[in-house]
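Here's the letter readout for the chains.
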Amino acid sequence: MTITISPTADADATIIPLVQNDDLANQLARLAATLNISIAALQADFKADAKEVLPVYQTDGHKTYLLGMGKDPQVNDWFRLLRRFFFDQKVRLPRHVAVDLRVFDETQDVASAIEGAVLGIRGGSYDLKLYQTDKPVGPTIYSPEGQVYLLVANESTATEALNRAEAIAQTQREIIDLMNAPGNYKTPQTLADWAVQSGAKHGYSVRVLNKAQIEAEGLLALLSVNRGSDHEPAFIICEYVPAGVENPKKVGLVGKGITFDTGGISIKPSTSMHLMKSDMGGAAAVMGTLEVAAKLQLPVHLIGIVPSTENMVDGSATKPGDVIDSYIGKTIEVIDTDAEGRIILADGLGYMVRNYQPDVLIDLATLTGSVIATLGYHAAGLFTNNDELAAQLTQSADQTGERLWRLPLWDVYAEDIKSDVADLKNFSGKPLAGAITAGKFLEVFTEKHPAWAHLDIAGTAFGDNEFGSQKNGTGFGIRLLIDWLMKG
């Protein structure tokens, strides 16, 4: 399928998104005249509520769909509503479809509408049945001959938004495939191979440390989590350097790459353990952001580090009560082997700070159930002591709809991770403030970096949507970080 910008199009079906505002009645009156239908009936039957769809069939066979956008839709609303529409209607849509955005006036952010619409149109084709052997032929609209025309008045502004959205959509789809892949199809080497191939294709460097190199570098916390797994760990280092930019801002991203998490010796309950294939959501966000930044040639020096391993159970696995070492030399008492994400991030953060000295340091991780208990599935937890960075990230979160909510990192919480036998412990042992104490643990390994933020995306990386009957990958973090990076 191809998506193009055009002022007009000869399509077999037209989708007209409509906002629930003061001008809706006038817009419906004009549409009624154009479609040759009753004004009163149209105004009575269509209120432009979010997700509302009203198909109108004409005698020449042309179909027009009125799509309700609700009040004041933002880019994430466009994304979700168009994705839902195309997913639900894809088998009914003809080969050539137009999405008419010309009804929007000059005061509305057409670029955001186009970006969200393109992401939604592409997202509507997602097929969660990655390993099904008897798939039917795909819908006509998503065939190679399929064509979607975005009808706009200003083509130059629209083209930039289209290109940006296409770059994000392609990467996000691959990342979601990685998120949804089961543990037997996704090992640390799988993540490493993806990064290497992406770097070669899009022009950024990727270095992967194998187990022997990890040992030589002293990444001992990562090795401790890996001890119970038959698959070797990987320490993935991606670096994008913009061409022709003098002294660009240097940003370090660290992502948790647990490709399957049993909990280790502190084993999880069997219920929903199959969803622990999602525990590399932070790694997915980091790798996806590196690729999109390289595609868009953003003027920022970007380093991404992904410590990756399984967290499994065997006779060699790290035990509760063990004391382990880390890259920066701090010793850790392992109270709970299911608090393994912060352990591997400790080495990722320490390695980033000591070897790359980034101006800004951000880590992302599906880290705690505690953040889900606090924020549910609608926002990720934001932890930082840098007010300016918090404001910037929150602005991008609000813009993209990948929402963040700031939680405290007060020093009083450090009392909960004091150890009797080591420098610190990985879990307080208390059934409260778990997301905060995890953040305080990570803070130690940033070595007081002045512009560090931790994003706990446990509730947002895997979610409920139209693609399946259980939670699946969202690609959370990529759009958020790209928006933040673009704002510089």
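Residues numbered from 1 in each chain as written. Predicted model: local features only at pLDDT ≥ 70, side-chain atom pairs only at ≥ 80, totals over all residues. Heavy atoms only, no water.

### A short note on helix 6 (residues 188-202)
Now for step 1: The end-to-end C-alpha distance of helix 6, which contains 15 residues, comes to 21 Å, matching closely the 21 Å that a straight helix rising 1.5 Å per residue would cover.
Now for step 2: Listed as buried for helix 6 are Pro188, Leu191, Ala192, Trp194, Ala195, Ser198 and Gly199. The arc that holds every buried residue of helix 6, seen down its axis, measures 160°, which confines them to one face. Exposed and oriented more than 90 degrees from the buried face of helix 6 are Gln197, Ala200 and Lys201.
Now for step 3: Summarising the contacts, the buried residues of helix 6 are in contact with helix 5 (155-180), strand 7 (205-209), strand 8 (234-240), strand 10 (257-261), helix 9 (281-296) and strand 11 (301-311).
Now for step 4: One or two residues past the end of helix 6 sits Gly203, with phi positive at roughly 85°. (Helix = DSSP H or I, 4+ residues; strand = E, 2+ residues; numbered from the N terminus. Expected span 1.5 Å × (residues − 1). Buried < 20%, exposed > 50% of the residue type's maximum accessible area, 1.4 Å probe, protein only. Arc of directions from axis to C-beta. Contact = heavy atoms within 4.5 Å.)

### Quick notes on the side chain of Glu466
Now for step 1: Within the secondary structure, Glu466 sits in the loop between strand 19 (462-463) and strand 20 (472-473).
Now for step 2: For Glu466, a relative accessible area of 13% translates into the label buried.
Now for step 3: In this structure the side chain of Glu466 is engaged in a polar contact, spanning 2.8 Å, whose partner is the side chain of Arg83.
Now for step 4: Not counting residues up to four positions away in its chain, the partners in contact with Glu466 are Arg83, Arg84 and Phe87. (Polar contact = N/O pair within 3.5 Å; in protein donor to acceptor, adjacent residues only side chain to side chain.)

### A closer look at the sheet that holds strand 1 (residues 2-6)
Now for step 1: Reading across the sheet, the six strands line up as 1-6-5-2-4-3 and stay open at both edges, with mixed pairing between neighbours. With partners counted over all chains shown, the strands left at the sheet margins are strand 1 and strand 3 (53-57), one partner each. Each neighbouring strand pair of the sheet contributes to a mean axis angle of 20°, computed without reference to strand direction.
Now for step 2: Judged from the five bridges that link them, strand 1 and strand 6 (residues 147-151) form a sheet pairing that is parallel. Bridge pairing in strand 6 links Ile5 to Leu150.
Now for step 3: Lying on the sheet, helix 3 (residues 75-89) is in contact with strand 2 (13-18), strand 3, strand 4 (63-68), strand 5 (96-100) and strand 6; it crosses strand 4 at an angle near 140°. (Pairing = 2+ DSSP bridges. Axes fitted to C-alpha atoms, helices over the stretch in contact; angles between N-to-C directions.)

### A closer look at the environment of Asp49
Now for step 1: By the element assignment, Asp49 lies in the loop between helix 2 (39-45) and strand 3.
Now for step 2: Spatially, the C-alpha atoms of Asp49 and Ala98 are 21 Å apart, while their sequence positions differ by 49 residues.
Now for step 3: Setting aside residues no more than four positions away along its own chain, Asp49 makes contact with Gln20, Gly68, Met69 and Gly70.

### Let's talk about the packing of aromatic side chains
Now for step 1: A complete count under the given rule lists ten aromatic pairs for this structure.
Now for step 2: Each ring, one from Tyr65 and one from Phe85, has its centre 5.3 Å from the other, and the planes form 75°; the classification is edge-to-face. A residue pair is termed long-range when its members are at least 10 positions apart, and Tyr65 in strand 4 and Phe85 in helix 3 qualify at 20 residues.
Now for step 3: Ring geometry for Phe85 versus Phe86: centroids 5.6 Å apart, planes at 75°, classification edge-to-face.
Now for step 4: The exposure class of Phe85 is buried, given its relative accessible area of 2%.
Now for step 5: Clustering of aromatic rings is evident, with ring pairs tying together Tyr65, Phe85, Phe86 and Tyr142.
Now for step 6: Looking at Arg83, its charged tip hangs above the ring of Phe79, at a distance of 5.0 Å from the centre.
Now for step 7: Sitting over the ring of Tyr377, Lys471 keeps its end group 3.8 Å from the ring centre. (Phe/Tyr/Trp six-rings, centres within 6.5 Å; stacked < 30°, edge-to-face > 60°. Lys NZ or Arg CZ within 6 Å of the ring centre and 35° of its normal.)

### What to know about the nonpolar core
Now for step 1: The biggest cluster of nonpolar side chains holds 90 residues, and the ones touching the most others in it are Phe86, Ile114, Ile121, Val148, Leu150, Ile362 and Leu404.
Now for step 2: Setting aside residues no more than four positions away along its own chain, Val148 makes contact with Met1, Thr2, Ile3, Thr4, Phe86, Val97, Val99, Ile121 and Ile141.
Now for step 3: One finds Leu361, Ala365, Leu409 and Ile436 within the second-largest nonpolar core, a separate group that totals 47 residues. (Core = buried A, V, L, I, M, F, W, Y, C linked by side-chain atoms within 4.5 Å.)

### Looking at the side chain of Ser419
Now for step 1: Summarising the element assignment, Ser419 is placed in the loop between strand 16 (404-406) and strand 17 (424-425).
Now for step 2: A polar contact of 2.6 Å, which involves the side chain of Ser419, links it to the side chain of Glu333.
Now for step 3: There is a polar contact of 3.0 Å between the side chain of Ser419 and the backbone nitrogen of Ala422.

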